[in-house]
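# Architecture at a glance
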Amino acid sequence: MKKALITGINGQDGSYLAEFLLEKGYEVWGTVKRNSVSENQSSRINHIFENVNLEYCDINDLSSIIRVVEKSNPDEIYNLAAQSHVRISFDQPIYTSNTTGIGALNVIEAAKLINSDIKIYQASSSEMFGNNIDDDGYQRETTPMCPVSPYGCAKVFAYNISRNYRNSYNMFISNGILFNHESPRRGSNFVTAKVVKEAIKIKKGISSELKLGNLEASRDWGHAKDYCKAMWMILQHDKPDDFVCATGKSHTVKDLVEYTFSKLDLDWKKYVKIDEKFFRPEELDDLKGDPSKIKNELGWEQEYSFEDMIDEMIEYWDNKINKEV
């Protein structure tokens, strides 16, 4: 039985990945950062709570990572823990840099010290590219990185230190450069969940408006469930490497709003208000990934379309809000 350690197992991606690995017959370990409101910490993994081994750990604390890696003795580590909200990274740049950047180094260093044969997946991000786009309109593994947020900058450090340890110490460390991926488990302060949740509240007469920032920002949105399968496939490859995981199609925030409101028979223009506090100090205009490499080399294919993903989120939030009112 293979053993896997997932940092940030209680996040959106961690919960889907844990499910996937359990189905594959893995013994699954996961780290959770101690929170004073413990009731909400395991909500995404309550249904598999008895099947996973949870340990308190903070990736800013190297000693705690060493303890968990020694205790779990994993074959694979999936480093998903991070401060992952791009807009908030402008408000907490040092914390974001420490957690998202140095935190990744702590995980890698702990593995090197304990067992350098452990395979490591580093959760890299499309935010690393910033506004650099190849001439054909796509971003891929060879696109120069020029991030436009503290989060993107921290992810570039983590990406590069992963490659450095891979080359310096012959470690199996791979980067998954994942473009935006959403699901019903996405935190409600992320734009997809925010739009869906608020639109349903408007439909039910609970709310009267939705405040957003840049409606023209364009993103390549996929489903987290598809992307977690890609993480596993990346570590099953015969050599460590870096892969872009994306749908190859982009939609604007306006597209997201129009689709969601139309599914609820609402005219979005009556309810959506622009609020400058939701604009980033430096905007990222367009993200669209080229998944050719991961499809050709690993055989990865997505199952969910953009519309499938939003439909699933609408159903989830509709049911959840019905139970609350």
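Residues numbered from 1 in each chain as written. Predicted model: local features only at pLDDT ≥ 70, side-chain atom pairs only at ≥ 80, totals over all residues. Heavy atoms only, no water.

Moving on, we get to the side chain of arginine 166. Mapped onto the elements, arginine 166 comes out in helix α5 (residues 150–169). On the basis of relative accessible area, arginine 166 is assigned to the buried category, the value being 11%. A distance of 2.9 Å separates a polar atom in the side chain of arginine 166 from the backbone oxygen of isoleucine 173. Residues in contact with arginine 166, not counting those within four places in the same chain, are Met171, Ile173, Ser174, Pro240, Asp241 and Asp242. (Helix = DSSP H or I, 4+ residues; strand = E, 2+ residues; numbered from the N terminus. Buried < 20%, exposed > 50% of the residue type's maximum accessible area, 1.4 Å probe, protein only. Polar contact = N/O pair within 3.5 Å; in protein donor to acceptor, adjacent residues only side chain to side chain. Contact = heavy atoms within 4.5 Å.)

Bringing the packing of helix α6 (residues 191–203) against helix α10 (residues 306–324) into the picture now. Closest axis-to-axis distance for the α6/α10 pair is 9 Å, and the angle between their directions is 50°. The angle between α6 and α10 places the two elements in the oblique class. For the pair α6 and α10, the crossing hand works out as right-handed. Between α6 and α10, the contacting residues are Thr192, Ala193, Val196, Lys197, Ile200 and Lys201 on the first element and Ile310, Met313, Ile314, Trp317, Asp318 and Ile321 on the second. (Axes fitted to C-alpha atoms, helices over the stretch in contact; angles between N-to-C directions. Parallel < 35°, antiparallel > 145°, perpendicular 65-115°, else oblique. Left-handed = near helix turned anticlockwise from the far one by under 90°.)

Let's shift gears to the layout of surface pockets. The computed volume of the second largest pocket comes to approximately 190 Å³. Lining the second largest pocket, in full, are Tyr16, Glu19, Phe20, Glu23, Lys225, Asp226, Cys228, Lys229, Glu301, Glu303 and Tyr304. Residue composition of the lining of the second largest pocket, by class: 4 nonpolar, no polar and 7 charged. (1 Å grid on protein atoms, 1.4 Å probe; cavity = no way out; pocket = protein on both sides within 12 Å on 5 of 7 lines; lining within 4 Å. Points joined across faces, edges and corners; volume = space filled by probe spheres on them. Nonpolar A, V, L, I, M, F, W, Y, C, P; charged D, E, K, R; others polar.)

Bringing the pairing of strand β4 (residues 76–79) into the picture now. Side chains Glu76 and Tyr78 of β4 all project onto a buried face; the interleaved residues Ile77 and Asn79 project onto the opposite face, where all are buried too. Inspection of the sheet shows β4 paired to strand β5 (residues 119–125) by 4 bridges, in the parallel sense. Following the sheet pairing, isoleucine 77 is matched in β5 by isoleucine 120. (Pairing = 2+ DSSP bridges.)

What the 7 strands build is an open sheet, ordered β3-β2-β1-β4-β5-β6-β11; its pairing is parallel. Because the sheet does not close on itself, it has two edges, and the strands there are β3 (52–56) and β11 (242–245). Direction aside, neighbouring strands of the sheet carry axes that sit 20° apart on average. Examined bridge by bridge, strand β6 (residues 173–178) and β11 share 4 bridges and lie parallel to one another. Among the inter-strand pairings, isoleucine 177 is bridged to a residue of β11, identified as valine 244. Here helix α7 (residues 224–236) sits on the sheet in contact with β4, β5, β6 and β11, set at roughly 140° to β4.

Shape is all these values report; function is a separate question.
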